[in-house]
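Chain by chain, the residues:
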Amino acid sequence: MNMSLRHWPWSRVLLVAIFAALFASSAAHAQRAAAPTAPAPGASSISVASPDSAGMSATRLARLTTVFRKEIEDRKLPGAVMMIARKGKLVYATALGLRDPKGAEPMPTDAIFRIYSMTKPIVSVGAMVLVEDGVLQLMDPVARWLPAFKDVKVSTEGGDVAAQRPMTVQDLLRHTAGLPYGELTQNAAVKDALAKAGLFKPGVIEFDVRDMTGAEEVERLARIPLIHQPGTTWEYSLATDVLGRVVEAASGKRLGDFLSERMFKPLRMSDAGFWVPETKIGRVAEPFDKDPLAGTPIRLIDVSKEPGNDSGGAGGVATAGDYLRFAQMLANGGVLGGQRILSRTTVRHMTSDHLGSRLPLAATLGGSVLGASTYTFGLGFAVRPSDGIAPVPGSAGDFNWGGYAGTLFWVDPKEQLVAVFMVQSAGALRVYHRTLFRQLVYQAITD
C-alpha cells in the first residue's frame, strides 16, 4: 500500500489490513486487496467482524492507533503492525509508521519481521507434531536423536561432573536442559567456552548462530558443560535451537522444510520461514540504527540469504498475518480453516504448567526473562497461573512469548482473544511497548 492509513475511515483500514496481511502472497496481491472487496475463495478461515459484534469497542481500539502513532512520531518506534482477533474473528488490524526508517515507505500490513524468539513456539509445535506422529516422546533422551550429547558434563564450582540424568525432549521444550545463552549466563567458564565455539558473539550480534551448519552447532555445543543438572532449573537458553536439530533428526528433513510441509502451507503462512527471498526483500521491516533511549547500535540478523542452519530459537521470519494464523490455530485447539495441526489435548498439554513449585527459576539474567512476568512455563510458551499477581492484564491460562526485536503474541482462551504485535525495536523500550499494547487491547473488551 502506498497511501498513509492515518486519514482513512476505520472500516476501510481494517479491510485493507486484513486482505493485505492475511491473504496476500505477493506485492501485486496486496495491491489488489487494497479495495474493500470479498476475499478470494477458500481464504477466509479468519473472517472479519466489527469490533462491537465480537465484544470489543471500536472507539477504545482506536486508542491503539492514536497512542502508537504518537510513539512513532516521537521517534520511539520506526513502525508497527498490530492485529487482534476476538471470538475467532479479526476485529483490528493496522500498520503504522515506516517500513524502514531510512526511507519514506509506509509500513505495509504484509511487512516481514524478524521474529527471533517467537520462532520458539513454532518449533515447539513442530516437535509436538512429531510426538503426535508417534516418532518422538517427551521422555526421549536428547542423545537418542543427537548422540553427541550422550556424555555431556555439568559445570559446578568444584569442576565438571557427570549429569545425574540425561536431558530430555521435555527439558528442551521447557528450558530445563541446562543449556545456556552466552548473553545471559553468569557462568564465566561456560560463557567463555560458548564464545570460543562461536555460539556467543559479544559485541558483534546477539542471538545469531546461523553462520554454521546444524551439525556443527550440535558438535560444538555438546562439548560445552551444562550450567545446571537437567530437569532441575528453568533458565532461558539455546534449548530450542537443539530442539530444532532433534526435529530434523526425527523427521529426516531440514527444519524449515518440515515446518513448511506440516504447518506453514496448511495454515497459509505464506511468508513464514528462516530467510527472505529476493522477490520479498522489499517487504522486510527494519529498525532504527540506534536505540532511541540508550543510543546504542541496533544490529539484527541478515535474513536476505539462506542461513547455514535454521535456528529454532531465534531465526524465523513472518508477517503479522502469518503469526495471527498460527496463534489462532492454537486458540482453536489445534485447527484452523479445516487444517488440523495438533489435537486439542496436545495444545492443552503444551499450555499447562510444566515447572510446578519444585523447579526454581535461575537466579540470573536467564531466569529473570520469565521471573519478572510472574508467569510459569509450559512446552514452548510462558503460561499464566492466575488472574492476578502479574503486572499486565490477562486471565489464568493465557500463554505468550516475544522476540528480541520487540515482537509479541499471546492467546487468552478465557477471553477468546488473540493478539500479535510486530515491530523491529530491539532496545530498551521494547518491554514498555509490549506492555502498552497489551493494556490497550484489554481495555477495549466490553463483554
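Residues numbered from 1 in each chain as written. Predicted model: local features only at pLDDT ≥ 70, side-chain atom pairs only at ≥ 80, totals over all residues. Heavy atoms only, no water.

Concerning the overall build of the chain
Defined as follows: Only runs of H or I of at least four residues qualify as helices and only runs of E of at least two qualify as strands under DSSP, and these elements are numbered from the N terminus. Buried residues are those whose accessible area, probed at 1.4 Å on protein chains only, stays under 20% of the maximum for their type, while exposed residues exceed 50% and partly exposed ones sit between those limits. For this analysis, residues touch if any pair of their heavy atoms sits within 4.5 Å.
When its secondary structure is counted, the chain shows 14 helices and 14 strands. Taken across its 447 residues, the chain has 59% of its residues classed as buried. In the chain, 71% of the contacts between residues at least 6 apart in sequence involve partners at least 24 apart.

Considering the confidence of the model for the chain
This is how it is decided: Along the chain, pLDDT gives the predictor's confidence residue by residue, from 0 to 100.
Of the residues in the chain, 90% reach a pLDDT of 70 or more, and the chain-wide mean stands at 90. This model gives residues 1-44 a pLDDT under 50, and the stretch forms 76 contacts once residues within four places in sequence are excluded.

As for the sheet that holds strand 13 (residues 408-412)
Keep this limit in mind: The criterion for strand pairing is that DSSP finds at least two bridges linking the strands in question. Only the stretch in contact is used when a helix axis is fitted, and all axes are lines through C-alpha atoms; the angle between N-to-C directions ranges over 0 to 180 degrees.
Strand order in the open sheet made by the eight strands is 1-3-2-14-13-12-11-10, with mixed pairing throughout. A single partner strand is all that each edge strand has here, and the edge strands are strand 1 (47-48) and strand 10 (376-377). Packed onto the sheet, helix 3 (residues 58-73) meets strand 2 (79-86), strand 3 (89-97) and strand 14 (417-422) and runs at close to 15° relative to strand 3.

With respect to the side chain of S311
Rules: Polar contacts here mean pairs of N or O atoms no more than 3.5 Å apart (in protein, one a potential hydrogen donor and the other a potential acceptor; neighbouring residues in sequence count only if both atoms are side-chain atoms).
Mapped onto the elements, S311 comes out in the loop between helix 10 (255-264) and strand 7 (316-318). At a separation of 2.9 Å, a polar atom in the side chain of S311 contacts the side chain of D241. The residues touching S311, leaving out its near neighbours within four places in the chain, are T119, R210, D241, F274 and G316.

Brief notes about the side chain of D291
Note the threshold: In summary, the charge assignment counts Lys and Arg as positive and Asp and Glu as negative, without counting His or the chain termini. A side-chain nitrogen of Lys or Arg and a carboxyl oxygen of Asp or Glu constitute a salt bridge if their distance falls within 4 Å.
Looking at the secondary structure, you find D291 in the loop between helix 10 and strand 7. Here D291 is buried and forms no salt bridge, its nearest opposite-charge partner R430 lying at an N-O distance of 8.1 Å.

Brief notes about the packing of helix 4 (residues 119-132) against helix 10
Going by this rule: Any angle from 65 to 115 degrees is called roughly perpendicular, while one under 35 is roughly parallel, one over 145 is roughly antiparallel, and all others are oblique. Any residue outside Ala, Val, Leu, Ile, Met, Phe, Trp, Tyr, Cys, Pro, Asp, Glu, Lys and Arg is labelled polar, Gly included; the first ten of those are nonpolar and the last four are charged.
Interaxial distance between helix 4 and helix 10 falls to 10 Å at its minimum, and their mutual angle equals 75°. Between helix 4 and helix 10, the crossing angle belongs to the class labelled roughly perpendicular. On helix 10, the residues that touch I122, V123, V125, G126, V129 and L130 of helix 4 are L255, F258, L259, R262, M263 and F264. For the contact of helix 4 with helix 10, the class distribution of residues is ten nonpolar, one polar and one charged.

Observations concerning the pattern of salt bridges
Considering all chains together, one arrives at 25 salt bridges under this definition. Note that R86 is salt-bridged to E415, the shortest N-O span being 3.1 Å. Of this pair, R86 sits in strand 2 while E415 sits in the loop between strand 13 and strand 14, placing them 329 residues apart in sequence. For R245, the salt bridge identified is with E217, shortest N-O distance 2.7 Å. Placement of the pair is R245 in helix 9 (residues 239-251) and E217 in helix 8 (residues 214-222), with a sequence separation of 28 residues. If you follow the salt bridges from partner to partner, you end up with D110, D271, K280 and R283 in one network.

Remarks on the pairing of strand 4 (residues 113-116)
The alternating pattern of strand 4 places F113 and I115 on one face and R114 and Y116 on the opposite face, and all of these are buried. As defined by bridge partners, strand 4 adjoins strand 7 across three bridges and the pair is classed as antiparallel. For R114, the partnering residue across the bridge sits in strand 7 and is V317.

Overview of helix 8
How we decide: The arc in question is the one spanned by the directions pointing from the helix axis to the C-beta atoms.
Buried residues of helix 8: G214, E217, V218, L221 and A222, and no others. Down the axis of helix 8, the smallest arc covering the buried residues is 115°, so these residues share one side. Residues of helix 8 that are buried make contact with helix 7 (188-196) and helix 9.

Notes on the packing of aromatic side chains
Going by this rule: Pairing of aromatic rings covers Phe, Tyr and Trp, the last counted by its six-membered ring, and requires centre-to-centre distances within 6.5 Å; plane angles under 30 degrees mean stacked, over 60 mean edge-to-face, and any other angle means tilted. Two thresholds decide whether a charge sits over a ring: the Lys NZ or Arg CZ must be within 6 Å of the ring centre and within 35 degrees of the ring normal.
This structure, assessed with the given rule, holds 14 aromatic pairs. Ring centres 6.4 Å apart and planes at 70° place the aromatic pair F381 and F409 in the edge-to-face group. Here F381, found in the loop between strand 10 and strand 11 (382-383), pairs with F409, found in strand 13; they are 28 residues apart in sequence, far enough to count as distant. An identical accessibility class is assigned to F381 and F409; each is buried. Note that R438 overlies the ring of W410, its terminal NZ or CZ placed 4.5 Å from the centroid.

Details of the nonpolar core
Applied cut-off: Within this scheme, the nonpolar core is defined by two criteria: the residues are buried Ala, Val, Leu, Ile, Met, Phe, Trp, Tyr or Cys, and they are joined through side-chain atoms within 4.5 Å.
Among the nonpolar cores identified, the biggest contains 113 residues, and V125, F149, L172 and L179 are the most heavily contacted of them. Among residues more than four places away in sequence, those in contact with F149 are V142, A143, M167, L179, V218, L221, A222 and V242.

Quick word on the pairing of strand 14
With respect to burial, strand 14 is a largely interior element, six of its six residues being buried. The two faces of strand 14 match: L417, A419 and F421 on one face and V418, V420 and M422 on the other face are all buried. Sheet analysis places strand 2 next to strand 14, joined by six bridges and oriented antiparallel. Its bridge partner being in strand 14, M83 is matched across the sheet by V420. One ladder, built from five bridges, connects strand 13 with strand 14; its direction is antiparallel. Bridging from a neighbouring strand, L408 pairs with F421 of strand 14. What sits between strand 13 and strand 14 in their antiparallel hairpin is a turn of four residues, with Q416 showing a positive phi close to 50°.

A few points about the environment of F264
For F264, the position within the fold is in helix 10. Using a relative accessible area of 7% as the deciding quantity, one classes F264 as buried. Note: C-alpha distance between F264 and R325 (61 residues apart in sequence) is 9.6 Å. Aside from chain neighbours lying at most four places away, what touches F264 is I122, L259, M269, A272 and G273.

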